Amino acid sequence: MRIIRVKNYEELSRAAANIISAQVILKPDCVLGLATGSSPVGTYQQLIKWYQKGDLDFSHVTSVNLDEYVGLNPDHDQSYHYFMHHNLFDSINIHPEKINLPDGCAKDMAAECRRYDTLLRTLGVDLQLLGLGNNGHIGFNEPDEEFSKGTHVVTLTESTLEANKRFFESIDDVPKTAISMGTYDIMQAKRVLMVASGKAKAEAVKAAFFGPITPHMPASILQFHKDFTLVADEDALSLL
Ligand code: F6R
């Protein structure tokens, strides 16, 4: 485990974008595992800037996203499809057919989970970007009695509904379920990069990376990953 300590969100975004850029430059046809939420937005903005300057080329990159809300259409402005297009894909030259997200509107969710797992195992993720839930979740792998394995439908916890209500009109509008890559899937990525910013993440950072490895703190499993980098700002590291 490697921890890169930075001052603030701006530095965090640059550091994370540098690591992703290096991956794309070294292996132009790499598979990037991508995340949504507030944490990676600055990273995506930095990648877009470097792309616009001509320093980055995403035309051979394949992307796979971590998760999607169940029941939100891809064009719903809070769906993760929409988020990814709005915050990254529409501003870079990634090919639409190389973009992959789980389908939260699939009629048969069990079949969709199987489809996504097969896809993940066929592609093999080179670099997985993660945010960290205030409760320690990664993707939508919530605290539980055991670590999840493959792609699955998850019931979001109160803590996650509370944290994500800021994007919706009220907490009642936050979808109660999501489809997410499993913890096993995440651990199969060759490299994992997490970005954590702000005081709200401090408890989870301390518990996940300086406490016991337990499914009650899903991110703690990353202590076992052979190439895991945490980029965190001073606020997120303030309890250490
Ligand atoms: C997003 C995801 C989540 C978020 C986490 C942190 O695809 O899977 O695990 O990374 O909830 O969200 P933010 O960055 O909004 O604090």
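Located above this text is the structure these notes cover.
These lines cover the structure that appears in this document, whether it is placed above or below. (Residues numbered from 1 in each chain as written. Predicted model: local features only at pLDDT ≥ 70, side-chain atom pairs only at ≥ 80, totals over all residues. Heavy atoms only, no water.)

This next bit is on the environment of Glu169. Mapped onto the elements, Glu169 comes out in the loop between α5 (158–164) and β8 (177–180). Overall, the relative accessible area of 80% leaves Glu169 in the exposed class. Along the backbone, Glu169 and Leu12 are 157 residues apart, and their C-alpha atoms lie at a distance of 29 Å. (Helix = DSSP H or I, 4+ residues; strand = E, 2+ residues; numbered from the N terminus. Buried < 20%, exposed > 50% of the residue type's maximum accessible area, 1.4 Å probe, protein only.)

Right, let's talk about the pattern of salt bridges for a bit. Charged atoms that come close allow side chains of opposite charge to pair. In the structure shown here, the tally under the stated rule is 11 salt bridges. The shortest N-O distance in the salt bridge between Glu10 and Arg14 comes to 3.6 Å. With Glu10 and Arg14 both in helix α1 (residues 9–26), this residue pair falls four residues apart, about one helical turn. By relative accessible area, Glu10 is classed as exposed at 57%. Take Arg14: its relative accessible area is 37%, and that puts it in the partly exposed class. For Lys27, the salt bridge identified is with Asp126, shortest N-O distance 2.9 Å. Remark: Asp126 occurs in the loop between α4 (109–123) and β6 (127–130) and Lys27 occurs in the loop between α1 and β2 (31–34); sequence separation between them is 99 residues. Exposure remark for Lys27: the relative accessible area of 31% places this residue in the partly exposed category. (Salt bridge = Lys/Arg side-chain N within 4 Å of Asp/Glu carboxyl O.)

Now for the site of the ligand. In the region of the ligand, 14 residues are neighbours, and Ser39, Asp67, His137, Gly139 and Lys201 sit closest. The backbone of Gly139 places a nitrogen or oxygen atom 2.7 Å from an oxygen atom of the ligand. Relative to its unbound accessible surface of 410 Å², the ligand loses 94% to contact with the protein. Along the lines of polarity and charge, the residues of the shell around the ligand split into three nonpolar, eight polar and three charged. (Near = heavy atom within 4 Å. Polar contact = N/O pair within 3.5 Å; in protein donor to acceptor, adjacent residues only side chain to side chain. Areas by Shrake-Rupley, 256 points an atom, 1.4 Å probe, with all protein chains shown as cover. Nonpolar A, V, L, I, M, F, W, Y, C, P; charged D, E, K, R; others polar.)

Side-chain alternation along β2 places Val31 and Gly33 on one buried face and Leu32 and Leu34 on a second face that is also buried. Note that the unit made of β2, helix α2 (residues 41–53) and strand β3 (residues 62–65) has a crossover that is right-handed. Where β2 lies against β6, two bridges are found, and the strand directions are parallel. Across the sheet, the residue bridging to Leu32 is Leu127, located in β6. (Right-handed = clockwise from strand over helix to strand, strands pointing away. Pairing = 2+ DSSP bridges.)

In the contact formed by α2 and helix α3 (residues 80–87), the axes pass within 10 Å of each other and the chain directions differ by 40 degrees. Taken together, α2 and α3 sit at an angle that is classed as oblique. On α3, the residues touching Val41, Tyr44 and Ile48 of α2 are Phe83, Met84 and Asn87. For the contact of α2 with α3, the class distribution of residues is five nonpolar, one polar and no charged. (Axes fitted to C-alpha atoms, helices over the stretch in contact; angles between N-to-C directions. Parallel < 35°, antiparallel > 145°, perpendicular 65-115°, else oblique. Contact = heavy atoms within 4.5 Å.)

Looking now at the packing of α1 against α2. Taken N-terminus to C-terminus, the directions of α1 and α2 make an angle of 55 degrees; their axes are 8 Å apart at the nearest point. Judged by the angle between their axes, α1 and α2 are oblique. Where α1 crosses over α2, the two elements pack in a sense that is right-handed. Only Val41, Gly42, Thr43, Gln46, Leu47 and Trp50 of α2 make contact with α1, whose side of the interface consists of Tyr9, Ser13, Arg14, Ala16, Ala17, Asn18, Ile20 and Ser21. A per-class count over the contact of α1 with α2 returns seven nonpolar, six polar and one charged. (Left-handed = near helix turned anticlockwise from the far one by under 90°.)

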